Amino acid sequence: MQQQLYSVPEAVNETPNTYAPGTPEREELQKEIAGARSGMADIPMFIGGREIRTGKKVAMHPPHDLSHTLGHYHQGDAEHVSMAIDEALKARRAWAKMPWRERAAIFLKAAALISGPYRSKINAATMLGQSKTVYQSEIDAVCELADFLRYNVQYMTQIFTHQPKSTPEAWNRIEQRPLEGFVFALSPFNFTAIAGNLPTAPAMMGNVVVWKPANTQIYSANVIMEVLREAGLPDGVINMVFVSGPVAGDLIFSHRDFAGIHFTGSTEVFREIWKTTGNNIASYRSYPRIVGETGGKDFVLAHASAKPTQVATALSRGAFEYQGQKCSAASRAYISRSIWEDVRKLMLDQISSFSIGGPEDFSNFFTAVIDEKAFSKLTRVIDKVKKDDSVTIISGGGYDKSKGYFIEPTVILTPDPCYFTMIHELFGPILTIYVFEDEKYEETLDLIDRTSLYGLTGAVFARDRHAVNQATSRLANAAGNFYINDKPTGAVVGHQPFGGSRASGTNDKAGSILNLHRWVSPRTIKETFLPPEDYRYPHQGTL
Ligand code: NAD
């Protein structure tokens, strides 16, 4: 068969639909949501191309409507993790040998399915299962996931194209080999796009994968799996299991063929994983690739020259979209004294106008937090703060789980820049504000840099260019994604490659060529056309 050097379609970001009243996409999505609500999903694991139903059914409820049941998923155990590893390893040889263009076509088709016929289905699943408003779901489950798939295909070809120098006498080539073994994809609840990217990025590069989604994301993970099957992904390449993290970890992290982990989730879990793999290092065939994007304590800094309306909007959106459950959500803010009163008023006006309720009502901006565990953790924090006279809750502080896990958007004002809510990731709708004196801007930069262990996202608002420059330089290591006059959330694939350092992860930048490099192991091949036929060098000669 003739071999060609194909080029792939240039990646173009998916444009979000508006779902404004009267649009056809709104009507279609509303029908899909109604259909999903009236059905009862029965979600199997997917291992080696087979649907696995164990009969151990776990019910799924919308976080904002606990009395409703969306369906069940089938809980697995260690036996299923073992089966998934075996099936992955069985599929490995054929998948690694499949020409890259065929692999590319599968993932490009998956992107087309998501942005086309599956658009409403994946949105409905994300809205109902994870309580995202329509816009939050659209930019995640549709746009970001399609972008990941399309850009990664393009990055893959760039990696293959990159070759070393050669000479007329010797041709040097680099061959990108998939890792020897299987990759474990361990995904969080909060982004459907991340759940899709963690298994597909390594798979695209020729690897086989065991994927364990978070329990609270299984409802939309099932749609991702459906799309991949329809796109033609061969059996065994991505195997989806529903087991507890430790059950999966016990088998996977002690397996000789464990070749890498693609993780997004909390810092605490990632550190445990790193420790375990470190302890087991001698038992692996290769050094596993450890890629993890983890927690954040993301900041907004407003200089005295900042425009209060812009700061207030960045806080309302940056801290409270998706109920603050974004790793990039603004959760600590440092506001210059001279603009504080304006920012406060504008921000509180905006927050008090938030419409709160289930995402099926498209007019809502703010819905419920993900589960009982998150609700009780966050409400414990709020109760503790309420008892503390040294701080003031200037907005929210209420909560109610009679219908769903609702927590009001809560803003704490503290005179102590090292108050515990300024330091620890809470992962919910709680923003803490510290007001600094205008002349203490430089000191505040130091404060921001040393207050938390994380280094994920951060933003500076200023019209004074010296202030922008100072912040950009002094906060060089405080955020892997740094924003100037913009909120610290909403990174777009191909535009703002995402990831942080310090305790926030390995900073391998999801949705960039850097990430894909982690899933291959290059082999350098040198071919000499006229090999020497005498061992002696010229310097050994005599006159
Ligand atoms: P999590 O750490 O609780 O769970 C992530 C995954 O790990 C889930 O699949 C979970 O079941 C599994 N898990 C939990 N305990 C485990 C264990 N002991 N062993 C093995 N696996 C285990 O995170 P989450 O609550 O799903 O997501 C929220 C966290 O993710 C936040 O900390 C957030 O900042 C972070 N996050 C980071 C990014 C980023 O790009 N930096 C993006 C999204 C979310």
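My aim in this report is to walk through the structure given alongside it, one point at a time. (Residues numbered from 1 in each chain as written. Predicted model: local features only at pLDDT ≥ 70, side-chain atom pairs only at ≥ 80, totals over all residues. Heavy atoms only, no water.)

Mapped onto the elements of the fold, Gln470 is located in helix α15 (residues 465-474). Sequence separation of Gln470 and Leu445 is 25 residues, and the distance between their C-alpha atoms is 8.4 Å. Sequence-distant contacts of Gln470, that is, excluding residues within four places in its chain, are made with Tyr441, Glu442 and Leu445. A polar atom in the side chain of Gln470 sits 3.3 Å from the side chain of Glu442. (Helix = DSSP H or I, 4+ residues; strand = E, 2+ residues; numbered from the N terminus. Contact = heavy atoms within 4.5 Å. Polar contact = N/O pair within 3.5 Å; in protein donor to acceptor, adjacent residues only side chain to side chain.)

Our next topic: the nonpolar core. Counting residues in hydrophobic clusters, the biggest one holds 100 residues, and the most contacted among them are Phe107, Phe184, Trp211, Ile238, Ile252 and Ile261. With 13 residues, helix α5 (residues 134-161) is the single largest residue contributor to this core. Once you skip the residues sitting within four places of it in the chain, Ile238 turns out to touch Phe46, Pro199, Thr200, Ala203, Val209, Trp211, Met225, Leu228 and Leu233. If you look at the next biggest cluster of nonpolar residues, it comprises 38 residues, including Tyr334, Val369, Ala374 and Leu378. (Core = buried A, V, L, I, M, F, W, Y, C linked by side-chain atoms within 4.5 Å. Buried < 20%, exposed > 50% of the residue type's maximum accessible area, 1.4 Å probe, protein only.)

Let us now look at the pairing of strand β11 (residues 289-293). Across the five residues that make up β11, a large majority, five, are buried. Of the two faces of β11, the one lined by Arg289, Val291 and Glu293 and the one lined by Ile290 and Gly292 are each fully buried. Strand direction decides the pairing type here: strand β10 (residues 258-264) and β11, joined by five bridges, are parallel. Its bridge partner being in β11, Gly260 is matched across the sheet by Arg289. For the handedness criterion, the β-α-β arrangement of β10, helix α9 (residues 267-279) and β11 is classed as right-handed. (Pairing = 2+ DSSP bridges. Right-handed = clockwise from strand over helix to strand, strands pointing away.)

We now examine the site of the ligand. Taken together, 24 residues lie around the ligand, and Ser187, Lys212, Ser266, Thr294 and Glu425 are the ones closest in. A distance of 2.9 Å separates an oxygen atom of the ligand from a polar atom in the side chain of Lys212. For the ligand, whose free accessible area comes to 840 Å², the fraction covered by protein is 84%. Elements represented by at least two residues in the shell around the ligand include exactly α8 (245-252) and β10. When the residues that make up the shell around the ligand are grouped by side-chain class, the tally is 13 nonpolar, eight polar and three charged. When residues of the shell around the ligand are assigned to domains, at least three map to each of domain 1 (42-294 + 505-525) and domain 2 (298-484). (Near = heavy atom within 4 Å. Areas by Shrake-Rupley, 256 points an atom, 1.4 Å probe, with all protein chains shown as cover. Nonpolar A, V, L, I, M, F, W, Y, C, P; charged D, E, K, R; others polar. Domains from an automatic or database assignment.)

Another aspect to go through is the packing of aromatic side chains. A complete count under the given rule lists 19 aromatic pairs for this structure. Geometrically, the ring pair formed by Phe189 and Phe427 is edge-to-face, given 5.9 Å between the ring centres and 85° between the ring planes. Of this pair, Phe189 sits in the loop between β7 (182-186) and α6 (192-204) while Phe427 sits in the loop between α13 (420-423) and β18 (430-436), placing them 238 residues apart in sequence. Among the residues examined, Phe189 registers a relative accessible area of 14% and is labelled buried. You can call Phe427 partly exposed: its relative accessible area is 22%. When the centroid spacing of 6.4 Å and the interplanar angle of 75° are considered together, the rings of Tyr334 and Tyr434 count as edge-to-face. (Phe/Tyr/Trp six-rings, centres within 6.5 Å; stacked < 30°, edge-to-face > 60°.)

Turning next to the sheet that holds strand β13 (residues 330-336). Pairing between the strands of a sheet is mediated by backbone hydrogen bonds and can be parallel or antiparallel. Reading across the sheet, the seven strands line up as β14-β17-β18-β13-β12-β20-β21 and stay open at both edges, with mixed pairing between neighbours. Edge positions in the sheet fall to β14 (392-395) and β21 (481-484), since each of these pairs with one other strand and no more. Strand-to-strand twist in this sheet, taken as the mean axis angle between neighbours without regard to direction, amounts to 20°. Sheet topology places β14 next to strand β17 (residues 410-413); three bridges connect them, and they run antiparallel. Note that in β17 the partner of Thr392 across the bridge is Leu413. Relative to β13, helix α11 (residues 337-352) is tilted by about 140°, and along the sheet it contacts β12 (298-302), β13, β14, β17 and β18. Across the sheet, helix α14 (residues 441-451) lies against β12, β13, β18 and β20 (457-461), angled at about 165° from β13, the strand it touches most. (Axes fitted to C-alpha atoms, helices over the stretch in contact; angles between N-to-C directions.)

A word on α9. Along its 13 residues, α9 runs 18 Å from first to last C-alpha, staying within 8% of the 18 Å computed at 1.5 Å per residue. Listed as buried for α9 are Thr267, Phe270, Ile273 and Thr277. Here the buried residues of α9 occupy an arc of 120° about the axis, which is enough to place them on one side. Of the exposed residues in α9, those oriented more than 90 degrees away from the buried face are Glu268 and Asn279. (Expected span 1.5 Å × (residues − 1). Arc of directions from axis to C-beta.)

Taken together, three strands build an open sheet; the order of strands is β1-β5-β4 and the sheet is mixed. Looking at which strands have only one partner, the edges of the open sheet turn out to be β1 (41-43) and β4 (57-60). Strand after strand, the sheet turns through a mean of 25° between neighbouring axes, direction not considered. In terms of strand pairing, β1 meets strand β5 (residues 71-74) through three bridges, oriented parallel. Residue Ala41 lies in a different strand from β5, and its bridge partner there is Gly71. With respect to the sheet, helix α7 (residues 218-230) is in contact with β1, β4 and β5, its orientation differing from that of β1 by roughly 70°.

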